[in-house]
Amino acid sequence: MADQIDLIVTDLEKYTEGEIIALGLNLNANLRSNPPLGTPIDTGWASANWLPSVGEPNVISGEPADPREGPTPAEVAARAKLAAAGENEVLAWRLKDGPIFSTNNVAYIGALNRGHSPQSPRGFVQIAIEKAIRETYSRAASFGTRMRRAAAARANKPRPKR
């Protein structure tokens, strides 16, 4: 009986980890997606600065090397690479690792979220969060339906005689 309980606990932990990972990745994908649902894009700097991380926020300078000139394409690509590394960190996440973050250190991200760009609506960050929750819930509901059907099929199979 204890072995069965351990198996159930392990399965629940794996399932929960999968759902939390999916939520974190869905959120980051939504924030980095093209407007009108994602971050407004001029140079791509604000969008490239959504940095997922595990355990603590990834707090780095949100300024390009030359703020007067703006970010170079190479700087945007380097931030996108850093974001991809953060996504890999999220994919490897386990419950014991602590919280998952999606951080943007660009000084003007708050202004963009307040609607200072016509490309994305006011509150696009909150909209991205809500969408990620819906996407993750939909995935979980679909998975749950498949699991219930599989369990019902197993229950209806004739049991071998001992």
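A brief structural summary. (Residues numbered from 1 in each chain as written. Predicted model: local features only at pLDDT ≥ 70, side-chain atom pairs only at ≥ 80, totals over all residues. Heavy atoms only, no water.)

### With respect to the overall build of the protein chain
From N to C terminus, the protein chain includes five helices and two strands. Scanning the protein chain from its N terminus toward the C terminus, one meets helices and strands in the order α-α-β-α-β-α-α. Counting contacts in the protein chain only where the partners sit at least 6 residues apart, residues at least 24 apart contribute 75% of the total. When the accessible surface of the protein chain is totalled, it reaches about 10500 Å², and 59% of it is carbon and sulfur. (Helix = DSSP H or I, 4+ residues; strand = E, 2+ residues; numbered from the N terminus. Contact = heavy atoms within 4.5 Å. Areas by Shrake-Rupley, 256 points an atom, 1.4 Å probe, with all protein chains shown as cover.)

### Some points on empty space enclosed by the protein
This model, assessed by the stated rule, comprises one cavity of 30 Å³ or more. There is about 30 Å³ of room inside the largest cavity. Taken together, Asn30, Ser33, Leu37, Ile127, Ala128 and Lys131 form the lining of the largest cavity. Here the lining of the largest cavity takes three residues from helix 5 (residues 124-156), the largest share from any one element. Residue composition of the lining of the largest cavity, grouped by class: three nonpolar, two polar and one charged. (1 Å grid on protein atoms, 1.4 Å probe; cavity = no way out; pocket = protein on both sides within 12 Å on 5 of 7 lines; lining within 4 Å. Points joined across faces, edges and corners; volume = space filled by probe spheres on them. Nonpolar A, V, L, I, M, F, W, Y, C, P; charged D, E, K, R; others polar.)

### Concerning helix 3 (residues 73-91)
In a regular helix each residue adds 1.5 Å, so 19 residues correspond to 27 Å; helix 3 covers 27 Å between its end C-alpha atoms and thus fits that length. Those residues of helix 3 not exposed but buried are Glu75, Val76, Arg79, Ala83, Gly86 and Val90. All buried residues of helix 3 project into a common sector of 100 degrees when viewed along the axis, lining one side. Across helix 3 from its buried face, at more than 90 degrees, point the exposed residues Pro73, Ala74, Lys81 and Asn88. Contact partners of the buried residues in helix 3: helix 1 (2-32), helix 2 (45-48), strand 1 (51-54) and strand 2 (100-103). (Expected span 1.5 Å × (residues − 1). Buried < 20%, exposed > 50% of the residue type's maximum accessible area, 1.4 Å probe, protein only. Arc of directions from axis to C-beta.)

### Description of the environment of Lys81
Assignment of secondary structure puts Lys81 in helix 3. Owing to a relative accessible area of 64%, Lys81 belongs among the exposed residues under this scheme. Once the C-alpha coordinates of Lys81 and Leu51 are considered, the two residues, 30 residues apart in sequence, prove to be 9.7 Å apart.

### With respect to the side chain of Asn30
Its place among the elements puts Asn30 in helix 1. Assessed through its relative accessible area of 7%, Asn30 is described here as buried. Look past the residues within four positions of Asn30 in its chain and what remains in contact with it is Leu37, Gly38, Ala128, Lys131, Ala132 and Glu135.

### Re the layout of surface pockets
By volume, the largest pocket amounts to about 230 Å³. Lining the largest pocket are 19 residues, and of these Asp42, Thr43, Trp45, Ala46 and Tyr108 sit closest to its centre. Its residues assigned to classes, the lining of the largest pocket shows 11 nonpolar, six polar and two charged.

### Some details on unusual backbone geometry
For residues besides glycine, phi is generally negative; the peptide bonds are generally trans as well. With omega at 15 degrees, the peptide bond leading from Pro35 into Pro36 counts as cis. Residue position: Pro36 is located in the loop between helix 1 and helix 2.

### A closer look at the pattern of salt bridges
Applying the stated rule across the entire model yields four salt bridges. Where Lys96 meets Asp97, a salt bridge forms, and the shortest distance between an N and an O atom there is 3.2 Å. A residue is classified by how much of its surface remains accessible, and Lys96, at 72% relative accessible area, is exposed. We classify Asp97 as partly exposed; its relative accessible area is 30%. Residue Lys131 pairs with Glu135 through a salt bridge whose shortest N-O separation is 3.4 Å. Here Lys131 and its partner Glu135 are both found in helix 5, four residues apart, which amounts to about one turn of the helix. (Salt bridge = Lys/Arg side-chain N within 4 Å of Asp/Glu carboxyl O.)

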